[in-house]
Amino acid sequence: MAMYQNISRAVIRSRSASQPTVLCASYHQKVIDHYEKPRNVGSMDKKDVNVGTGLVGAPACGDVMKLQIKVDENGKIIDAKFKTFGCGSAIASSSLATEWVKGKSVHDALKIKNTDIAKELSLPPVKLHCSMLAEDAIKAALKDYQVKQTSQKKKEEKRSAIAQ
């Protein structure tokens, strides 16, 4: 309950001096769940050619998100990790994104949209940038992975040409 109180806020508005009205605006239970018990927190070796790293930030609010994926030889994402500095919605969006990319192909992971993340977490309009960060982090991690794979293939082709 203490964590819930830390991430929820109360707005007080008075109808009259004797009877204040308290309106509570709080995070959806799914956001609280991912905030209190984030999934897949951590990092992987960014030098590994099978690991893609995406690092994105939102200058407006100061949120920074690092999301990493590990892909097997068949193009399937077998692991995902994140580290996020930001609000509860940013942490929840990162956590959910790592859950959703695991088990997907690289191609299918590109189909994850911020609107799907926002809908799943019931994010209010003022927090939509958090789900946008998560989508951007997924795309950046996939791009990094693809760049590494292209570079690795060129190195292997060069070695093969030299060996012949």
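Residues numbered from 1 in each chain as written. Predicted model: local features only at pLDDT ≥ 70, side-chain atom pairs only at ≥ 80, totals over all residues. Heavy atoms only, no water.

The protein chain carries the name Iron-sulfur cluster assembly enzyme ISCU in an unreviewed UniProt entry, which gives Daphnia magna as its organism. In its Sequence similarities (unreviewed entry) section, UniProt records this for the protein chain: "Belongs to the NifU family." (UniProt positions renumbered as here; feature names shortened; annotations may be inferred.)

Q: Sorry if this is basic, but what is going on with the overall build of the protein chain here?
A: Helix and strand counts for the protein chain stand at 6 helices and 5 strands. Counted from the first residue to the last, the protein chain has its helices and strands arranged as α-β-β-α-β-β-β-α-α-α-α. For the protein chain, with 164 residues in total, the buried portion stands at 38%. For the protein chain, the computed accessible surface area is about 9,800 Å², with 53% contributed by carbon and sulfur atoms. (Helix = DSSP H or I, 4+ residues; strand = E, 2+ residues; numbered from the N terminus. Buried < 20%, exposed > 50% of the residue type's maximum accessible area, 1.4 Å probe, protein only. Areas by Shrake-Rupley, 256 points an atom, 1.4 Å probe, with all protein chains shown as cover.)

Q: Help me out: how do you make sense of the nonpolar core in this one?
A: Across soluble globular proteins, nonpolar side chains have a tendency to be buried as a group. One finds I69 and V101 to be the most contacted residues of the largest nonpolar core, which totals 32 residues. Dropping the residues within four chain positions of it, V101 is found in contact with I69, I77, A80, A109, I112 and I138. (Core = buried A, V, L, I, M, F, W, Y, C linked by side-chain atoms within 4.5 Å. Contact = heavy atoms within 4.5 Å.)

Q: Looking at this structure, how should I read the packing of helix α3 (residues 88–101) against helix α6 (residues 128–163)?
A: The packing of two helices is summarised by the inter-axis angle and the distance between the axes. Taken N-terminus to C-terminus, the directions of α3 and α6 make an angle of 40°; their axes are 8 Å apart at the nearest point. With respect to their mutual orientation, α3 and α6 come out oblique. Judged by the twist between their axes, the crossing of α3 over α6 is right-handed. Of the residues in α6, those touching α3 at S89, A90, S93, A97 and V101 are C130, S131, A134 and I138. Across the contact of α3 with α6, the residue classes tally to 6 nonpolar, 3 polar and no charged. (Axes fitted to C-alpha atoms, helices over the stretch in contact; angles between N-to-C directions. Parallel < 35°, antiparallel > 145°, perpendicular 65-115°, else oblique. Left-handed = near helix turned anticlockwise from the far one by under 90°. Nonpolar A, V, L, I, M, F, W, Y, C, P; charged D, E, K, R; others polar.)

Q: Help me out: how do you make sense of the pairing of strand β3 (residues 51–58) in this one?
A: A regular strand places its side chains on the two faces of the sheet in alternate fashion. Judged by how many residues are buried, β3 sits mostly within the fold: 6 of 8 residues are covered. Between the antiparallel neighbours β3 and strand β4 (residues 63–71) lie 4 residues, among them G62 with a positive phi of about 90°. (Pairing = 2+ DSSP bridges.)

Q: Just to check I follow, could you spell out the pairing of β4 for this structure?
A: Bridging between β3 and β4 involves 8 bridges; their strand directions are antiparallel. Residue pairing across strands places L55 opposite K66, the latter belonging to β4. Pairing of β4 with strand β5 (residues 77–85) involves 8 bridges; the strand directions are antiparallel. Note that in β5 the partner of Q68 across the bridge is K81.

Q: It is not clear to me how the side chain of N114 should be interpreted in this structure. Could you clarify?
A: Inspection of the secondary structure assignment puts N114 in helix α5 (residues 114–121). Ignoring sequence-local partners within four residues, the contact set of N114 consists of S131, M132 and E135.

Q: Would you take a moment to explain the pattern of salt bridges for this structure?
A: Note on pairing: side chains with opposite charge can pair once their charged atoms come close. Under the defined criterion, the tally for this structure stands at 10 salt bridges. The partner of R39 in a salt bridge is E99, and the shortest N-O contact between them spans 3.4 Å. In this pair, R39 is assigned in the loop between α2 (29–36) and β3 and E99 in helix α3, connecting sequence segments 60 residues apart. Of the residues examined, R39 reaches a relative accessible area of 23% and is grouped as partly exposed. (Salt bridge = Lys/Arg side-chain N within 4 Å of Asp/Glu carboxyl O.)

Q: Would you mind showing me how to read α3 here?
A: Note on helix geometry: an α-helix contains 3.6 residues per turn, so any two residues three or four positions apart are oriented the same way. Compared with the 20 Å implied by 1.5 Å per residue over 14 residues, the 20 Å span of α3 between its first and last C-alpha is a close match. A large share of α3 lies buried, amounting to 12 of its 14 residues. The complete set of buried residues in α3 reads G88, S89, A90, I91, A92, S93, S94, S95, L96, A97, T98 and V101. Along its buried surface, α3 packs onto α2, β4, β5, α4 (106–109), α5 and α6. Positive phi appears at G103, one or two residues downstream of α3, with a value of about 90°. (Expected span 1.5 Å × (residues − 1).)

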